[in-house]
Amino acid sequence: MPQQFDKSRLPSRHVSVGPERAPHRSYYYAMGLTEEEIARPFVALASAGNDSAPCNTTLDAQADAARAGVEAGGGMPRRFNTITVTDGIAMGHQGMKSSLVSREVIADSIELSVRGHCYDALVGFAGCDKSLPGMMMAMLRLNVPSIFVYGGSILPGRFEGRDVTVKDVFEVVGRYAAGACPIEEVHALERAACPGHGACGGQYTANTMACVGEAIGLSLPNSNMVPAPYTSREQIAHAAGAQVMDLLARNLRPRDICTREAFENAARIVAATGGSTNGALHLPAMAHEAGIAFTLHDVAETFKSTPYCADLQPGGRYVARDMYEAGGVYMLMKTLLAEGLLHGDCLTVTGRTLGENIDEVTWNPDQKVIYDARAPITATGGVVGLRGTLAPDGAIVKVAGLHSLQFEGPARVFDCEEDTFAAVEARTIAEGSVIVIRYEGPKGGPGMREMLSTTAALYGQGMGESVALITDGRFSGATRGFCIGHVGPEAADGGPIALVEDGDPIRIDAEAGTIDLLVDAAVLAERRARWQPRRNDYQSGALWRYAQNVGPAWAGAVTHPGGASETHVYADI
Ligand SMILES: CC(C)(O)[C@@H](O)C(=O)O
Ligand SMILES: [Mg+2]
């Protein structure tokens, strides 16, 4: 029997309260609800489920499994769906310009559904790069009691005796272009790499943001590393449905959980796992929703003092399934907390603190994926912030797995990714060059494309560390090599990256945290006087609108003013 809610505790805006809501109730009777069911708190189950990509295919079943949990807690579940753009399919062509924009559309669509129907709480199900931060952004924006559920990672594929992921398919394209393998190997890998449902298998963007979900306190402990094909995911969804009712009863909301300290915890996990550089974009965007100033520079500051502890692909050896078997995100957090590297007193959706949740976990010494924070893989984080004359507003680089942290060379400049990829495929990039790909920023692209096709092709050709690559765009979590993204100000805003010419010397020092264009100020001033802004290819529709509104990458590339004020007050239940 579901727990009964005292009707008199329902907020005045609730559909069951007052004669003027009679028409609204008619719609619920039309869907088969009884008077008693209409009088319960309404819980939105926001699903990014669809068959656009394997990341999303299990989400609707998980959202449906949460219904019974909500009902057991005395609530009334209402499922709705949102869109996704999946980078693995959008990558390497103009489609990728829709990717980051979709994060805002996902957050906006959830906001509008929840506001429009006055739902009292929210459980969100997401499985792909932008749907994870988009979902968590909506939770912080709406500030109704919320739990975030990740759809789970894909299992690795097997190829020639080793575990493979989609990264290997992107990289074999480069190996084939270099004449290093036959076309049959490309086709064999494309069939083997993705054996079923779930988001990309390494510590790429989706898994990175799934770890963030736990570290920031919005997901149930050790829930997100459970692989997508495992039926226990539906038990997790059920538990999330029941638990959100507890949050409603306690009136514990996302902004009570996601404090500045919680954002620091989340940034730690990104660096400690050698996670996606997108973490440095999505965390500021999420913080913005909560009215917290936590920019690329704050993220980078946390990265500096974070040991790199989880041996995960692309920099390391293992995949999410291995992280799960090793003990999950909480196993990693146990060792980080023991070294004083987490704020253990942050609240979580269990209603307890992170430290209290971690106390339930026993350290597993018989696993190879998660290193003790006292003896990490490297003493500083797998991701590093940079700043300098080429990027006065900052930039980001993943150093996990790199052999050298310094690079100096002459620029080879391109004004879009397509031209760069063609030059890489034609093997016209000289070793030692610093490839610059510009006009790919949030505004300039528009949409700040990920450049995995190009970086993987370089890596596949064996050039991963013999060239560096710099862009005002961004990278996939699967990118490896000396690749610097989020360079700001972007070229479309006339940042120094717009002034670079072929042959200009560029120096990057990821140890010192610097990125410099070694050209005389007088020469740059003369080039600036000649510089003309460019018109992007999208003069209508969502991409045009995005380009008008989007802010800089260092602040998360968001499209609206901050969320410091409570814009929608939810009465206590
Ligand atoms: C296609 C990938 C690997 O999922 C990428 O989009 C990422 O950012 O990790
Ligand atoms: Mg991506």
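The structure presented is a predicted model; accordingly, all values stated were derived computationally and were not measured.

> Give a detailed account of the overall build of the protein chain, specifying residues and quantitative values.
When helices and strands are counted, the protein chain shows 21 helices and 14 strands. Radius of gyration (C-alpha) of the protein chain: 24 Å, near the 25 Å computed for a compact globule of 573 residues. When each of the 573 residues of the protein chain is scored for burial, the buried share is 62%. Looking at the protein chain alone, contacts between residues at least 24 apart form 76% of all its contacts between residues at least 6 apart. Total accessible area on the protein chain stands at roughly 20,100 Å², and carbon and sulfur atoms take up 52% of it. The centroid of the 48 positive side-chain charges in the protein chain is displaced by 3 Å from the centroid of its 66 negative side-chain charges.

> Help me get a handle on the pattern of salt bridges, residues and values and all.
Overall, the coordinates contain 34 salt bridges when judged by the stated rule. E418 serves as the salt-bridge partner of R449, at 2.7 Å between the closest nitrogen and oxygen. Separated by 31 residues along the polypeptide, R449 in the loop between β10 (434-437) and α19 (452-460) and E418 in helix α18 (residues 417-425) bring together distant segments of the chain. The shortest N-O distance in the salt bridge between R527 and E501 comes to 3.5 Å. Of this pair, R527 sits in helix α20 (residues 521-530) while E501 sits in the loop between β12 (482-488) and β13 (505-509); the two residues are 26 residues apart in sequence, bridging distant segments of the chain. We classify R527 as buried; its relative accessible area is 9%. With a relative accessible area of 35%, E501 lands in the partly exposed category. A network of salt bridges, in which partner residues are shared, links D108, E111, R115, R141 and E289.

> Break down the environment of L332 for me, citing the residues and quoting the values.
Looking at the secondary structure, you find L332 in helix α16 (residues 328-338). Along the primary structure L332 and I370 are separated by 38 residues, whereas in three dimensions their C-alpha atoms are 6.1 Å apart. When near neighbours in sequence (up to four residues on either side) are disregarded, L332 contacts I269, A272, T273, C309, M323 and I370.

> Mind laying out the state of the cysteines, listing which residues take part and the relevant values?
All chains considered together, the criterion is met by 0 disulfides. Free of any disulfide, C55 has its nearest neighbouring cysteine sulfur in C128, separated by 3.6 Å. Free cysteine C416: the closest other cysteine sulfur is in C483, separated by 17 Å.

> Give a description of the sheet that holds strand β3 (residues 121-126) that names residues and reports values.
Strand order in this open sheet of 4 strands is β2-β1-β3-β4, and the pairing throughout is parallel. Of all strands in the sheet, those with a lone pairing partner are β2 (76-81) and β4 (146-150), marking the two edges. The average angle at which neighbouring strand axes cross in this sheet is 20°, direction not considered. Of the strand pairs in this sheet, strand β1 (residues 42-47) and β2 are connected by 6 bridges, and their pairing is parallel. Looking at the pairing, F42 lines up with M76 of β2.

> Any details on the UniProt feature "domain: Dihydroxy-acid/6-phosphogluconate dehydratase C-terminal" (unreviewed entry) in the protein chain? Residues and values, ideally.
Mapped onto the present numbering, the UniProt feature "domain: Dihydroxy-acid/6-phosphogluconate dehydratase C-terminal" (unreviewed entry) falls on residues 368-557. For residues 368-557, the end-to-end C-alpha separation is 37 Å, with 19% helix and 25% strand making up the annotated structure.

> Give a description of the site of ligand 1 that names residues and reports values.
In the vicinity of ligand 1, the contacting residues are D87, G88, D129, C200, Y204, T205, N278, E450, S476, G477 and A478. The contact in question runs from an oxygen atom of ligand 1 to an N or O atom on the side chain of D87, over 3.1 Å. Here T205 contributes a side-chain N or O atom positioned 2.4 Å from an oxygen atom of ligand 1. In the complex, the protein chains occlude 98% of the 270 Å² of accessible area that ligand 1 would expose alone. Structurally, ligand 1 is housed in the largest cavity. Its residues placed into classes, the shell around ligand 1 shows 3 nonpolar, 5 polar and 3 charged. Per-domain counts for the shell around ligand 1 show at least three residues from each of domain 1 (41-154 + 198-295 + 307-374 + 566-572) and domain 2 (383-538).

> Can you break down empty space enclosed by the protein residue by residue, with the values?
Considering all chains together, one arrives at 4 cavities of 30 Å³ or more under this definition. Counted as a void, the largest cavity has a volume near 130 Å³. Lining the largest cavity are 20 residues, and of these D87, G88, D129, C200 and S476 lie nearest its centre. Within the residue set of the lining of the largest cavity, elements represented by two or more residues are α4 (87-90), α7 (166-177) and α9 (205-215). The residue inventory of the lining of the largest cavity, partitioned by class, reads 11 nonpolar, 6 polar and 3 charged. In terms of domain composition, the lining of the largest cavity takes at least three residues from each of domain 1 (41-154 + 198-295 + 307-374 + 566-572) and domain 2 (383-538). Forming the walls of the second largest cavity are T277, K398, A400, L402, F475, S476, T479, R480, G481 and C483. Residues that form the lining of the second largest cavity fall into these classes: 4 nonpolar, 4 polar and 2 charged.

> Tell me about the layout of surface pockets, and name the residues and values.
Of the volumes computed, that of the largest pocket is approximately 430 Å³. Elements that contribute at least two residues to the lining of the largest pocket include exactly α4, α7 and α18. By residue number, the principal contributor to the lining of the largest pocket is α7, which donates 4 residues. Across the lining of the largest pocket, the residue classes tally to 13 nonpolar, 7 polar and 2 charged.

> If you had to explain the coordination of the magnesium ion (ligand 2) to someone new, which residues and values would you point to?
Bound to the magnesium ion (ligand 2) are the protein donor atoms D87 (OD), D129 (OD), E450 (OE) and E450 (OE), situated 1.8 to 2.4 Å from the metal. If you look at the magnesium ion (ligand 2), its 6 donor atoms make angles of 56 to 172° with each other, and the shape they trace is irregular. Between consecutive donors of the magnesium ion (ligand 2), the numbers of intervening residues give the motif D-x41-D-x320-E. Note that D87 is positioned in helix α4 and E450 in the loop between β10 and α19, a separation of 363 residues in sequence. Each of the two residues, D87 as well as E450, counts as buried.

Thresholds, definitions, all that
- Residues numbered from 1 in each chain as written.
- Chains lettered and ligands numbered in written order.
- Predicted model: local features only at pLDDT ≥ 70, side-chain atom pairs only at ≥ 80, totals over all residues.
- Heavy atoms only, no water.
- Helix = DSSP H or I, 4+ residues; strand = E, 2+ residues; numbered from the N terminus.
- Rg over C-alpha atoms; globule rule 2.2 N^0.38 Å.
- Buried < 20%, exposed > 50% of the residue type's maximum accessible area, 1.4 Å probe, protein only.
- Contact = heavy atoms within 4.5 Å.
- Areas by Shrake-Rupley, 256 points an atom, 1.4 Å probe, with all protein chains shown as cover.
- Lys, Arg positive; Asp, Glu negative; His and termini not counted.
- Charge placed at Lys NZ, Arg CZ, Asp CG, Glu CD.
- Salt bridge = Lys/Arg side-chain N within 4 Å of Asp/Glu carboxyl O.
- Disulfide = S-S within 2.5 Å.
- Pairing = 2+ DSSP bridges.
- Axes fitted to C-alpha atoms, helices over the stretch in contact; angles between N-to-C directions.
- UniProt positions renumbered as here; feature names shortened; annotations may be inferred.
- Near = heavy atom within 4 Å.
- Polar contact = N/O pair within 3.5 Å; in protein donor to acceptor, adjacent residues only side chain to side chain.
- 1 Å grid on protein atoms, 1.4 Å probe; cavity = no way out; pocket = protein on both sides within 12 Å on 5 of 7 lines; lining within 4 Å.
- Sits in = over half its atoms within 2 Å of the grid points.
- Nonpolar A, V, L, I, M, F, W, Y, C, P; charged D, E, K, R; others polar.
- Domains from an automatic or database assignment.
- Points joined across faces, edges and corners; volume = space filled by probe spheres on them.
- Donors = N, O, S within 2.8 Å, 3.2 Å for Na, K, Ca; no water.
- Tetrahedral: all angles 85-135°; square planar, octahedral: opposite > 155°, others 65-115°.

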